[in-house]
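Observations on the three-dimensional arrangement
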Amino acid sequence: MAKIWVVEDDDLVAELVADLLEVNGYEVTKYPYGGPVLENLKAGMAPDLIVLDLKMPPPDGNDVLEVLKNFVEFPVIVLTAYENFLRPHLQNIPYGIIGKPFKLEHLLGTVRNALAVKQVKQKMITNGGRS
């Protein structure tokens, strides 16, 4: 079961996303801002994927992405109403950027695709580049 961290300060959106992912078999942990995420990463914990809001109390999504640029093990999906808020030098980090409001099917499809790509990459690394 893939572990997904949902980092979202809007309780309603966080609950909606968590429910969607849990119903589809994912283990979800919710965080209301980036602080606990950064603490867990520094402690060596990591999810399989992060769904990350950009605009929230500090540390915000951009702050989290600054740290995540050093982690290549898992994809990040940015979920935001403020796409222009993403710092230009961080635009290549997210696997995908989904604007709010969003369709649940779009988010779920993006999560599935991101995890599938991650799995293929891990398999290639394990097999020394052979598929």
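Use the structure listed above.
The following refers to the structure shown. Position numbers for residues start from 1 in each chain and track the written sequence from start to end. Given that the model is predicted, a residue must reach a pLDDT of at least 70 before its local features are reported, and side-chain atom pairs must reach 80 or more before they are shown or counted; all residues, however, enter totals for whole chains, interfaces and linings. With hydrogens and water excluded, all non-hydrogen atoms of the structure serve as input to the side-chain values.

Only one rule defines a salt bridge in this text: a Lys or Arg side-chain nitrogen within 4 Å of an Asp or Glu carboxyl oxygen. Counting across every chain of the model gives 5 salt bridges. With a closest N to O distance of 3.5 Å, K100 and D53 form a salt bridge. Here the residue K100 occupies a position in the loop between β5 (96-99) and α4 (104-126), and D53 occupies one in the loop between β3 (49-52) and α3 (61-68), the gap between them amounting to 47 residues. Exposure is judged per residue with a 1.4 Å probe applied to protein chains only, and the accessible area is read against the type maximum: over 50% gives exposed, under 20% gives buried, and values in between give partly exposed. Owing to a relative accessible area of 3%, D53 belongs among the buried residues under this scheme. Where E66 meets K69, a salt bridge forms, and the shortest distance between an N and an O atom there is 3.0 Å. According to the relative accessible area criterion, E66 is partly exposed, its value standing at 23%. A residue is classified by how much of its surface remains accessible, and K69, at 44% relative accessible area, is partly exposed. Several salt bridges share partner residues, and in doing so they unite E8, D53 and K100 into one network. Strands are runs of DSSP state E lasting at least 2 residues, helices are runs of H or I lasting at least 4, and numbering of each runs from the N terminus.

Cis peptide bonds are those with omega within 30 degrees of zero, and the linkage from P58 to P59 qualifies with -10 degrees. Residue position: P59 is located in the loop between β3 and α3. Put simply, K100 and P101 share a cis peptide bond, and its omega is -5 degrees. Turning to its location among the elements, P101 is positioned in the loop between β5 and α4.

Here V67 is to be found in helix α3. Along the backbone, V67 and K42 are 25 residues apart, and their C-alpha atoms lie at a distance of 9.6 Å. Not counting residues up to four positions away in its chain, the partners in contact with V67 are L38 and L41. The contact rule is simple, with two residues in contact once any of their heavy atoms fall within 4.5 Å.

This brings us to the nonpolar core. In this structure, I4, V17, L21, Y26 and V111 are the most contacted members of the largest nonpolar core, which totals 21 residues. Elements supplying a minimum of two residues to this core: β1 (3-7), α1 (11-23), β3, β4 (76-80) and α4. In these notes, a set of buried Ala, Val, Leu, Ile, Met, Phe, Trp, Tyr and Cys residues joined through side-chain atoms within 4.5 Å is what counts as a nonpolar core.

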